[in-house]
Amino acid sequence: RDPSTLLLDAAARADASALRALLGAAPGAVDRRGWTALHASADAGASECVFLLLESAAALGTLAQYVDAQADRPKGASALHLAVRSRDEVCVAVLLHAGASIELRTERGRTPLAQAEEYRSERLLHLLRTRGGGRNASAPAPASAGGAPCVLCGVRDVHSLGIGPSLCETAERLRTGALWASRVRAANP
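Residues numbered from 1 in each chain as written. Predicted model: local features only at pLDDT ≥ 70, side-chain atom pairs only at ≥ 80, totals over all residues. Heavy atoms only, no water.

Helix and strand counts for the protein chain stand at 10 helices and 0 strands. Scanning the protein chain from its N terminus toward the C terminus, one meets helices and strands in the order α-α-α-α-α-α-α-α-α-α. Here the protein chain, with 189 residues, has 46% of them falling under the buried criterion. Once local pairs closer than 6 in sequence are excluded, the contacts in the protein chain between residues at least 24 apart make up 61%. (Helix = DSSP H or I, 4+ residues; strand = E, 2+ residues; numbered from the N terminus. Buried < 20%, exposed > 50% of the residue type's maximum accessible area, 1.4 Å probe, protein only. Contact = heavy atoms within 4.5 Å.)

This is the structure we're talking about:
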């Protein structure tokens with residue numbers, strides 16, 4: 001099988017070690033649904049795989065396009081839509097840190113925030129709202145969400161997700177990698 005197919009399979013299985021070995025394969029390859037490996041990892045709730053793929057895209061200078069790629073099925077779904085569907089807070093937070101758009105809509109007009117409202121997930125709603133998620137962007141945070149907003153991403157109480165300050169370091173590494181890659185491309189046309 002070709003490396004792109006293996007990459008997509010590893011992402012769908014949430015197999016971070018296999019994914020790590022395959023990161024040289026085309027991260028933008030799509031399956032029959034129009035899903036990239038990032039879509040598959042987000043749908044599986046595989047936050048480590050999501051991070052690895054975003055870090056690889058940042059190093060390649062394709063983070064902005066990759067993080068918001070929209071799938072064919074469900075039509076228009078981004079990785080953030082799928083992470084919300086999987087109800088994985090860490091995947092959602094990592095995607096938000098990488099700059100995933102909270103305004104993208106599926107062909108049915110649904111944003112990630114609308115999905116979180118449908119699932120009645122207060123934690124996901126909080127994460128999305130504190131990132132400016134549509135009409136409820138100014139809604140106050142739930143009383144249980146204390147602490148100051150993260151200085152890198154603005155998400156309040158993000159460290160209570162149980163992954164510690166490494167999430168903010170993740171955001172900084174993604175941004176630094178994207179900046180570095182864009183500078184290298186500019187210097188070597």
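Let's shift gears to the packing of helix α8 (residues 112-119) against helix α9 (residues 122-130). One way to put it is that α8 packs onto α9 with a least axis distance of 9 Å and a crossing angle of 155°. Between α8 and α9, the interaxial angle falls into the category roughly antiparallel. For the pair α8 and α9, the sense of crossing is left-handed. Along its contact with α8, which presents P112, L113, A116 and E117, the element α9 presents L124, L125, L128 and R129. Broken down by class, the residue content of the contact of α8 with α9 amounts to 6 nonpolar, no polar and 2 charged. (Axes fitted to C-alpha atoms, helices over the stretch in contact; angles between N-to-C directions. Parallel < 35°, antiparallel > 145°, perpendicular 65-115°, else oblique. Left-handed = near helix turned anticlockwise from the far one by under 90°. Nonpolar A, V, L, I, M, F, W, Y, C, P; charged D, E, K, R; others polar.)

Working note: α-helix, 3.6 residues per turn, so residues spaced by three or four point in the same direction. Taken residue by residue, helix α1 (residues 3-12) has S4, L7, L8, A10 and A11 as its buried positions. Angularly, the buried residues of α1 cover 160° about the axis, an arc narrow enough to put them on a single face. On the buried face of α1, the contacting elements are α2 (16-22) and α3 (37-44). At the N-terminal end of α1, a side-chain oxygen is found 3.1 Å from the backbone nitrogen of S4, two or three residues along, and the residue is D2. (Arc of directions from axis to C-beta. Polar contact = N/O pair within 3.5 Å; in protein donor to acceptor, adjacent residues only side chain to side chain.)

Once that is clear, we can look at the packing of α3 against helix α4 (residues 47-60). Contact geometry for α3 and α4: axes closest at 8 Å, N-to-C directions at 155°. Relative to α4, the element α3 is oriented roughly antiparallel. Taken as a pair, α3 and α4 cross one another with a handedness that is left-handed. Judged by residue contacts, A37, L38, S41 and A42 of α3 engage C49, V50, L53 and L54 from α4. In terms of residue class, the contact of α3 with α4 is built from 7 nonpolar, 1 polar and no charged.

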